[in-house]
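Structure assessment
Chain residues, written in single-letter form:
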Amino acid sequence: MLLQVRNLRCGYGSLEIVKGVSLHVDAGEIVTLLGANGAGKTSLLRAIAGLLPIWSGDIRVNLRSVVGEPPWTRISHAMMLVPEGRQLFGDMTVWENLLLGGYHNLDRKRAIEDVYERFPHLKGRLRQLAGTLSGGEQQMLALGRALVARPRLLLLDEPSLGLAPLMVREVFNCIKRLKEDGVTVFLVEQNAVAALEIADRAYVMETGEIILEGEAADLVTNPEVRRAYLGKGYKEIWE
Amino acid sequence: MYAIVAIGFNIIYSATGVLNFAQGEFVMLGGMVAITLASFLPVPVAVAVAVAIVTLFGCGLELVFFRRLRSHSILHMIIITIGLSIVIQELALHVWDEKVRSLPYFTGNEASSVKLLGAALSPQVIWVLGTAAIVVVLLQLFYKRTLYGRAMRACSSNLEAAMLVGINAGNMRTAAFGLSAGLGALAGCVISPISMTHYEMGPGLAIKGFAAAILGGLGNPMAAVVGGLTVGLIEAFSVSVIPSAFKDVAAFAILLAMLFLRPHGLFGRPSGVSVREV
């Protein structure tokens, strides 16, 4: 088990957002976490990445508990979060963003070359400020920056958010390729259709709790999931 | 000399988003420590040791007063720096006393002058300008060319993202405090022969340095230098228009005018207006 979360509770102030979540991600999998806005998905990811202090429960990466460690040590467990909204260093160049992604990777030159191969588009824009890229390019750069650190476990928060449909497909193709390259992916998405298509397993989160889990293929046909997250139930009713 | 104080503001501001109102105290401490050491050490050694001591002092301040803070809210940290400024002044009053002191001129003496483009300058002025120039160039190289400098910029650009890529934000803050304390101390040493060192000099310098930093735009050492020189010049020229007792008014007027009209500085770009992607 690469990532194991047990009975995790956390929140902001006295407001409990994540109410006892347990889940796990095995090496080599793509696992997706679905749920509506405000279900607590992003808070859960922030807690796993160490950005949000947890109230109780346990987070283990490679069977070692990382609870209480500051966020900057997560990369020593080969874990990297690509946060919601890209969070690039907007006033720095594309190249500097990639370089800083490899802050702890002494072999960063080679890792950056690999990112060029994966996203040839970025190579022509190395000297451009990251904040001036288009939304799709920014997502590529956010992914690229994370990959320069050569993580084994990649946490992705809404990578398709705000992207044009064509870009969304490209991002999901890229995630599939990551799996082939041996990177384990924990994907938080609202775009349930696309996420279930590439995922091995899925969890569904509602108001801070996991209400469903299973093989992605099974969840696609689950009427509950279809009604709530795929929007197909409504279509059938109206047709 | 406002320029170097302004640079000090910039360093901590760029790494942490905090305005360090104890920046003027670093300048005062640098001068005081160097003067004390100069009584038994040669001046260059005294200056070097003073800069080293104040650098460590700056790091220590961060470790003691900021590292353990539960919330690193900007406002909390700014208020702490104001408190530190007062405490350091009182300590300085006890350790030294209220006498005005100064280091000897680095080269020549009060009477000597250097002819430059028809103007007669005290050699110490050249020391000040030269130091400021070298500091700016080195800082630019540090920020733009080294991994560590880029990591410091990353912390100001997006602190969470910086922590996610594995930058130890706590250590960066310590380094920023040390660096700006050291530079402040260096400034305190080179200006000491001209403008003297006094336990109470800090707040005045801090406010004027702040005016310079705001004038240039926070977050850019080059702009800070231009801002510093401008504040100095305006202050000097104001004497010919208004009574010299009102000299300080000029700096505060600039500060207020800038905050009202162009809070992002002459060279800065407005922040907070970022382009959202399509």
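Now for a description of the structure that goes with this document. (Residues numbered from 1 in each chain as written. Chains lettered and ligands numbered in written order. Predicted model: local features only at pLDDT ≥ 70, side-chain atom pairs only at ≥ 80, totals over all residues. Heavy atoms only, no water.)

1. A look at the overall build of chain B
Heads up, the rule is: Put simply, DSSP H or I for four residues or longer makes a helix, DSSP E for two residues or longer makes a strand, and each gets a number counted from the N terminus. Computation of the radius of gyration draws on C-alpha atoms, with the globule rule given as 2.2 Å multiplied by the number of residues to the power 0.38. Each residue is assigned to one of three classes by its accessible area relative to the maximum for its type, calculated with a 1.4 Å probe on protein chains only: buried under 20%, partly exposed between the two thresholds, exposed over 50%. Here, two residues are considered to be in contact whenever any of their heavy atoms come within 4.5 Å of each other. Residue-level accessible areas treat just the shown protein chains as cover; the underlying method is Shrake-Rupley with a 1.4 Å probe. For the charge count, each Lys or Arg is scored as positive and each Asp or Glu as negative, with His and the chain ends excluded. By convention, charge coordinates are those of NZ in Lys, CZ in Arg, CG in Asp, or CD in Glu.
Each helix and strand counted, chain B has 11 helices and 2 strands in total. Going from N to C terminus, chain B has its helices and strands arranged as α-α-α-α-β-β-α-α-α-α-α-α-α. Computed over the C-alpha atoms, the radius of gyration of chain B is 19 Å, within 12% of the 19 Å expected from 2.2 N^0.38 for a compact globule of 278 residues. Across its three principal directions, the C-alpha atoms of chain B cover 65 × 40 × 35 Å. The buried share among the 278 residues of chain B stands at 47%. Sequence-distant contacts, at least 24 apart, represent 72% of the contacts inside chain B between residues at least 6 apart. Surface exposure of chain B reaches about 13,000 Å², of which carbon and sulfur atoms provide 71%. Distance between charge centres in chain B, computed from 16 positive and 11 negative side chains, equals 13 Å.

2. Topic: a nonpolar patch on the surface
We count it as follows: Residues enter a patch when their relative accessible area is above 30% and they make no salt bridge; the linking distance is 9 Å between like charges and 5 Å between nonpolar side chains (Val, Leu, Ile, Met, Phe, Trp, Tyr). Any Lys or Arg side-chain nitrogen located within 4 Å of an Asp or Glu carboxyl oxygen qualifies as a salt bridge.
A cluster of nonpolar side chains, B:I134, B:V137, B:L138 and B:L141, forms an exposed patch at the surface whose accessible area comes to about 380 Å². Inspection of the secondary structure assignment puts B:V137 in helix α5 (residues 123-145).

3. With respect to the interface of chain A and chain B
Formally: Each of two parts loses accessible area, computed with a 1.4 Å probe, when they are put together; buried area is these two losses added. Polar contact is the term for a pair of N or O atoms within 3.5 Å; when the atoms are in protein, one must be able to donate a hydrogen and the other to accept it, and sequence-neighboring residues count only if both atoms are side-chain atoms. Lys, Arg, Asp and Glu make up the charged group, whereas Ala, Val, Leu, Ile, Met, Phe, Trp, Tyr, Cys and Pro make up the nonpolar group; the residues left over, Gly among them, are polar.
If you look at the interface, chain A gives 28 residues, while chain B gives 23 residues. Taking both partners together, chain A and chain B bury about 2,300 Å²; carbon and sulfur atoms supply 61% of that area. Looking at the side of chain A facing chain B, the largest losses of area belong to A:W72, A:F89 and A:Y103, adding up to 29% of the total buried there. Across the chain A-chain B interface, the total number found is 3 salt bridges. The shortest N-O distance in the salt bridge between B:R153 and A:E96 comes to 3.0 Å. Counting across the chain A and chain B interface gives 6 residue pairs in polar contact (both at pLDDT 80 or more). At the level of elements, α1 (41-49), β6 (79-82), α2 (94-101) and α5 (135-148) of chain A are the ones that each hand at least two residues to the side of chain A that touches chain B. In terms of residues, the side of chain A that touches chain B owes the most to one element, α2(A), which gives 5 residues. The class makeup of the residues in the side of chain A that touches chain B is 15 nonpolar, 7 polar and 6 charged.

4. Quick word on the side chain of B:T197
Here B:T197 is to be found in the loop between α8 (169-195) and α9 (201-216). When sequence neighbours within four positions are dropped, the list of residues in contact with B:T197 reads B:M28, B:G31, B:M32, B:I35, B:K99, B:V100, B:R101, B:G188 and B:S192.

5. Concerning the nonpolar core
Operational definition: Here, the term nonpolar core denotes a set of buried Ala, Val, Leu, Ile, Met, Phe, Trp, Tyr and Cys residues that are joined through side-chain atoms within 4.5 Å.
Within the largest apolar cluster, 129 residues are counted, with the highest numbers of intra-cluster contacts made by A:L98, A:L154, A:I175, B:I7 and B:I167. Ignoring anything within four residues of it in the chain, the contact list for A:I175 reads A:I30, A:L156, A:P159, A:V185, A:L187 and A:I198. Core analysis: the next-biggest nonpolar cluster, separate from the first, contains 34 residues, A:I17, A:L51, A:F186 and B:M163 among them.

6. Observations regarding the packing of aromatic side chains
This is how the line gets drawn: When two rings of Phe, Tyr or Trp (its six-membered ring) have centres within 6.5 Å they constitute a pair, described as stacked for plane angles under 30 degrees, edge-to-face for angles over 60, and tilted for the intermediate range. By definition, being over a ring means that NZ of Lys or CZ of Arg is both within 6 Å of the ring centre and within 35 degrees of the ring normal.
According to the stated counting rule, one finds 3 aromatic pairs over all chains in the structure shown. Residues B:F142 and B:Y143 carry aromatic rings whose centres are separated by 5.5 Å and whose planes lie at 50° to one another, so their mutual orientation is tilted. Positioned above the aromatic ring of A:F89, the side-chain terminus of A:R145 is 4.8 Å from the ring centre.

7. So, α5(B)
The line we're drawing: A helix is expected to reach a length of 1.5 Å times the quantity of its residues less one.
Between its first and last C-alpha, α5(B) extends 32 Å over 23 residues, near the 33 Å set by a 1.5 Å rise per residue. Among all positions of α5(B), only B:P123, B:Q124, B:V128, B:T131, B:A132, B:V135, B:V136, B:L139, B:Q140 and B:Y143 are buried.

8. Brief notes about the environment of A:S43
All names here are of chain A. Examined against the element boundaries, S43 turns out to sit in helix α1. We classify S43 as buried; its relative accessible area is 8%. As a C-alpha pair, S43 and G11 span 32 residues in sequence and 7.3 Å in three-dimensional space. Setting aside chain neighbours within four positions, we find S43 in contact with C10, Y12, I17, V18 and L52.

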